[in-house]
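# Structural overview for review
Next come the chains, spelled out residue by residue.
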Amino acid sequence: METTMETNAAMPAESPLYNKRNYLNNGYSLRSWFLTVDHKRIALIYLASITFFFILGGFFAMLVRLELLTPKGDFMTSDGYNRAFTMHGIMMIFFFLIPSIPAVLGNFLVPLQIGAKDLAFPKINLLSWYMYIGGGALALFAMINGGIDTTWRFYTPYSTGHASGYVVTTILGLFLMGFSSIFTGLNFIVTIHKMRAPGLTWFRLPLFIWAMYATSLIQILGTPVVAITLSLAAVEKGLKIGIFDPAYGGDPILFQHLFWFYSHPAVYIMILPAMGIISEVISCFSRKVVFGYSFVAISSMMIAVIGFFVWGHHMFLTGQSQFAGLIFAALSFLVAIPSAVKTFNWTATLYKGSISFEAPMLYVFGFLGVFLIGGLTGLFFPALGLDRHLHDTYFVVAHFHYIMVGGAIMGYMAGLHFWWPKMFGKKYPEGLAQAGAVATFIGFNLTFFPQFILGYMGMPRHYHEYVPEFQFLHILSTAGASVLAIGYLIPAICFGWSLLFGEPTGPNPWNAKGLEWEKSLSPPPTENFSEIPVVTEEAYNYPDAEATVVTRS
Amino acid sequence: MAGKVDALYFYIVAVSVFFTVGIVLVAIMLAVKYRRRPENMVATQIHGNLPLEIIWSVIPLGLVTVMFFWGAKLFNEQEMAPKNSMDILVTGKKWMWKFQHANGKREINVLHIPVNKPVRLTMGSEDVIHDLFVPAFRVKHDVMPGRLSNVWFEATKTGSFHLFCNQYCGTEHSRMVGKVIVMEQNAYQAWLGGDTGESPVKSGEKLFTSLGCATCHLSNNAGRGPVLVGIAGKSIELLGGAKVVADDKYLYESITEPAAKIVTGYQPIMPTFKGLATEEQVLQLVAYVKSLKADSTAGPAPAEAGKSAPVTADSPTTTAATATPAPGGAQ
Ligand code: HEC
Ligand SMILES: [Cu+2]
Ligand SMILES: [Cu+2]
């Protein structure tokens, strides 16, 4: 990516494949991990923590899917079921998906990709993990003491006036976790503004950085609102002050406005980073510059901005004014356009590429498939007259799982596999990992596609028991979930195997472009770069078959 | 209505299938054609193409614009109850649905309605948010505590159909289900006539006296409160000059939250009846106020008539209206 790096051939043979002095062996004490300010170590403790919450969320998903095998509630009580899906939602959304890519891959990569030694505020970065884990601990405490059944949306007046269990404790946990998210966003924004290597202009930034920037904007602008909203709900519940509960003179619709003001954009906190990863991976494995780079970059920003003005599409049937409904519907359609533009550009990137199909790239293809379905099924809701039928049915459940599980997790997996050699300097077993990608794709579709049909047939969300005619599709869905579980188990095996037996990869096993590959080692040293790199070229400057000279300077 | 909703549904399905299959096929073809192999080790760099970017922004924009207007038009129809709709009161509570027909007949979790006749539901919740959903007729609306909700639909075939609560409401949410039984007109009339309850309008009238509304709201201007005769559907001028149409939602709010909107020329002295009247009683009061017509100076008159026949949204009919064939709403 720089003049001094002339050839694009494989790494010189004499370079040591495994970097001996790296961030991983820079201290082994607990203290050296839990009081570290190294963004890479913080990324790894995040990786461990979010994996824990993912497993927990997955466990609850399993309970839910098992219960739904039969129409009657014969596996759990209704309260048990309601708590299971609530805990599933809370663990997955707040403690896994929202932090997943930003806190793990973002933390690890933002400084490395822009040629910085660390984030702008390393201590705040550490603090943000403590906020996260503190919040997680509170939520866990509430869970162990019976959990809550408010759904992850905490709709009032149910959550404030009727629900039992440790609602306030959970809310406090989310409040803390929210601040961790705000701190991460703040850190990234300042870092990206202030710490880019010389020559790394905005339009030379890797698209992952653009995506992280857009995500951070949402995190710092949206999260405070939900933190305040949930706190108000806690105040109402604790002190019986009427804010959202009409029984005390409050307004339940106000809660929904405030809640969705954050929680719609929160979907983009989950999917934008995944989109960033897709751009990186598709470019590397096609050995091509991303088609329409600036359109892909700007579309991330457009999604972040427009995404703030569509929240009312969750409330068309609350009695919100018809005029408001129209505006929210129009804007919701509009936000589909930048996503479409991205998809077209990714596909076009394949054209005249030199494409290979290692696991990260298979996840990208999987992402494309499920993201198309997830994105397009989003168009059914702002079509107002149709939302009347589909609102809060399994159609919605399927739609957002396609985006948040299909899209976001496939992107996360693509990224984990892609940067794994960078993070640990070791190979993972390629064939097995590819099998994991395929199993995830098949399992995912088998789980969630039937739910679209269920929704169209009229199966409402959050149902413990259902009418018998829905059973067949539910069985399919549960069967798919078990395949999906295998799809998640395989990468875990791959990564575990890699840590134990993986061969060293060298600094740039994919022969990829980007400072983290070309200018740092694997695993990177604590200071990332031996000297601050200077950037003189565009992002993704892969060799060109039609150019006479293979590299440009 | 089901047919109209499905038409839009299949339009969007078609667009989605076209793009999903199209893009996936193109991606697969490209992946095969440009797979890495000895003669294709180096890619040809293409930085972008402005006309293409414009084309693939504008075409989707066009397609979603159609979706937007189509959906909006449909929604508008779904919001505007036809004039000849029959009114039914609905109260949701954890965990059951209570229905009251215009002649006062009540039922729980089962709703009998005539076929090919628009039905307008006036709904309220006694506790948390519920949501009434009849998938067969593509009809759904939240049922809110503390405010009135309306929705209408028209059953176009007889039979028995699922009715679900579609908004999570606690333990027995999934058992807050019932049936909509759609009957032929005659059968419905026969079913309805078998029972003589007190009509919502009549109950409202009684409440109007027992709760003391009548002490302030007289039929002439001498009272401390405004005259309520004929206000339904009229435009009301509020303190500060704003205007508001006195629809069901407004009447409901005037009773439960009188301070929220003050009629110009009056003092904010009306007490709230939130805790004093049950959800259903408030809906009955609304029904009564709506029945007060300017021409029928004696308030209660329409209520008597309502006893023997469904009261339509607009004006009470005296006979079992030989079912006016549905205008727009049918499939
Ligand atoms: C203490 C006197 C008083 C009592 C009792 C009272 N009201 Fe009122 N009401 C008022 C006044 C004064 C207004 C106008 C100011 C306002 O909008 O609050 C009003 C306004 C209204 C309105 C809005 C009228 C309009 O023109 O927009 C309705 C409807 C209404 N009341 C219904 C009722 C009902 C039903 C009851 C009994 C459950 C009731 N009121 C009891 C004094 C009263
Ligand atoms: Cu949304
Ligand atoms: Cu309910």
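Residues numbered from 1 in each chain as written. Chains lettered and ligands numbered in written order. Predicted model: local features only at pLDDT ≥ 70, side-chain atom pairs only at ≥ 80, totals over all residues.

## As for the domain arrangement of chain B
Residues and elements named next belong to chain B. Convention followed: Domain delimitation follows an automatic or database domain assignment. To qualify as a helix, a DSSP run of H or I must reach at least 4 residues; to qualify as a strand, a run of E must reach at least 2; elements of each kind are numbered from the N terminus. Just so you know the grouping, Ala, Val, Leu, Ile, Met, Phe, Trp, Tyr, Cys and Pro go in nonpolar, Asp, Glu, Lys and Arg go in charged, and all remaining residues, Gly too, go in polar.
Domain annotation of chain B identifies domain 1 (2–79), domain 2 (86–193) and domain 3 (200–306). A C-alpha centroid distance of 25 Å is found between domain 2 and domain 3. Mapped by element, the contributors of at least two residues to the side of domain 2 that touches domain 3 are β1 (86–93), β2 (96–100) and β5 (118–125). When residues of the side of domain 2 that touches domain 3 are assigned to their parent elements, the largest contribution, 3 residues, is made by β5. Here the residues of the side of domain 2 that touches domain 3 are counted per class, giving 3 nonpolar, 9 polar and 3 charged.

## Re the site of ligand 1
Residues and elements named next belong to chain B. Our working definition: Note on definitions: a residue is near a molecule or strand provided its C-beta atom, placed from the backbone, lies within 6 Å of it.
Inspection of the region around ligand 1 gives 27 residues, with Cys213, Cys216, Gly225, Tyr266 and Met270 positioned closest. Within the residue set of the shell around ligand 1, elements represented by two or more residues are α5 (213–216), α6 (248–256) and α7 (279–291). Looking at the shell around ligand 1, its residues break down into 20 nonpolar, 6 polar and 1 charged.

## Details of unusual backbone geometry
The following threshold applies: With C-beta atoms placed from the backbone, the exposure class of a residue follows from how many other C-beta atoms lie within 10 Å of its own: 20 or more, buried; 12 or fewer, exposed; in between, partly exposed.
With an omega dihedral of 0 degrees, the bond running from Thr156 of chain A to Pro157 of chain A counts as a cis peptide bond. Of note, Pro157 of chain A is situated in the loop between α4 (122–144) and α5 (158–162). The phi dihedral of Tyr540 of chain A falls on the positive side, at around 55 degrees, and the residue is not glycine. Along the chain, Tyr540 of chain A turns up in the segment after α17 (515–518). On the basis of neighbour counts, which here come to 26 C-beta atoms within 10 Å, the residue Tyr540 of chain A falls in the buried class. At Asn116 of chain B, a position not held by glycine, the phi torsion is positive, near 55 degrees.

## Observations regarding the sheet that holds strand β9 (residues 159–165) of chain B
All names here are of chain B. Stated precisely, the cut-off is as follows: What makes two strands pair is DSSP finding at least two bridges between them. Only C-alpha atoms enter the line fits that serve as axes; for helices the fit covers just the stretch in contact. Angles between N-to-C directions range over 0 to 180 degrees. Note on contacts: each residue gets a C-beta atom placed from the backbone, and two residues are in contact if those atoms are within 7 Å.
The 5 strands are arranged β4-β10-β9-β6-β7 in an open sheet whose pairing can be described as mixed. Only two strands of the sheet have a single partner each, and these edge strands are β4 (110–114) and β7 (139–143). For this sheet the average axis-to-axis angle between neighbouring strands, irrespective of direction, equals 20 degrees. In this structure, β4 lies alongside strand β10 (residues 178–183), joined through 5 bridges in parallel fashion. Bridging from a neighbouring strand, His112 pairs with Ile181 of β10. The sheet contacts of helix α3 (residues 185–193) involve β4 and β10, and relative to β4 the element is tilted by about 130 degrees.

## Quick look at the interface of chain A and chain B
In this complex, chain A contributes 73 residues to the contact, which on the side of chain B involves 68 residues. Of all the secondary-structure elements, those providing two or more residues to the side of chain A that touches chain B are α3 (78–114), α5, α8 (252–286), α9 (293–306), α10 (322–334), α11 (336–350), α12 (359–377) and α13 (384–390) of chain A. If one sorts the elements of the side of chain A that touches chain B by residue count, α11 of chain A sits on top with 8 residues. Residues belonging to the side of chain A that touches chain B are distributed by class as follows: 41 nonpolar, 23 polar and 9 charged.

## A word on the pairing of strand β6 (residues 130–134) of chain B
Two faces make up the sheet, and in a regular strand the side chains alternate between them. Residues and elements named next belong to chain B. Among the 5 residues that make up β6, 5 are buried, leaving the element largely enclosed by the rest of the structure. Burial of the side chains of β6 extends over both faces: His130, Leu132 and Val134 are buried on one face and Asp131 and Phe133 on the other. Here 5 bridges tie β6 to β7, and the two strands are oriented antiparallel to one another. Bridging across to β7, Leu132 finds its partner in His141. Linking β6 back to β7 in an antiparallel pair, the connection comprises 4 residues, with Arg138 at a positive phi of about 55 degrees. For β6 and β9, the ladder comprises 2 bridges, and the chain directions are antiparallel. Bridge pairing in β9 links Leu132 to Cys165.

## As for helix α2 (residues 50–79) of chain B
In plain terms, the rule: Expected span, for any helix, means 1.5 Å times one less than how many residues it has.
Taking 1.5 Å per residue, 30 residues should reach 44 Å; α2 of chain B reaches 43 Å between its end C-alpha atoms and fits that length. Those residues of α2 of chain B that are buried lie in contact with α10, α11 and α13 of chain A together with α1 (2–33) of chain B.

## Remarks on the sheet that holds β1 of chain B
Residues and elements named next belong to chain B. Across the sheet, which stays open at both edges, the 5 strands sit in the order β3-β2-β1-β5-β8 with mixed pairing between neighbours. Every interior strand has two partners, whereas the edge strands, β3 (106–108) and β8 (149–154), have only one. Taken over all neighbouring pairs, the strand axes of this sheet differ in orientation by 25 degrees on average, direction set aside. Summarising the sheet, β5 and β8 pair through 6 bridges and their orientation is antiparallel. Bridging across to β8, Val119 finds its partner in Phe153.

## Focus: the environment of Thr171 of chain B
If you trace the backbone, Thr171 of chain B turns up in the loop between β9 and β10. Remark: the alpha-carbon pair of Thr171 of chain B and Ile54 of chain B, spanning 117 residues in sequence, is separated by 51 Å. Those residues in contact with Thr171 of chain B that sit more than four places away from it in its chain are Ser78, Asp79 and Asn82 of chain A.

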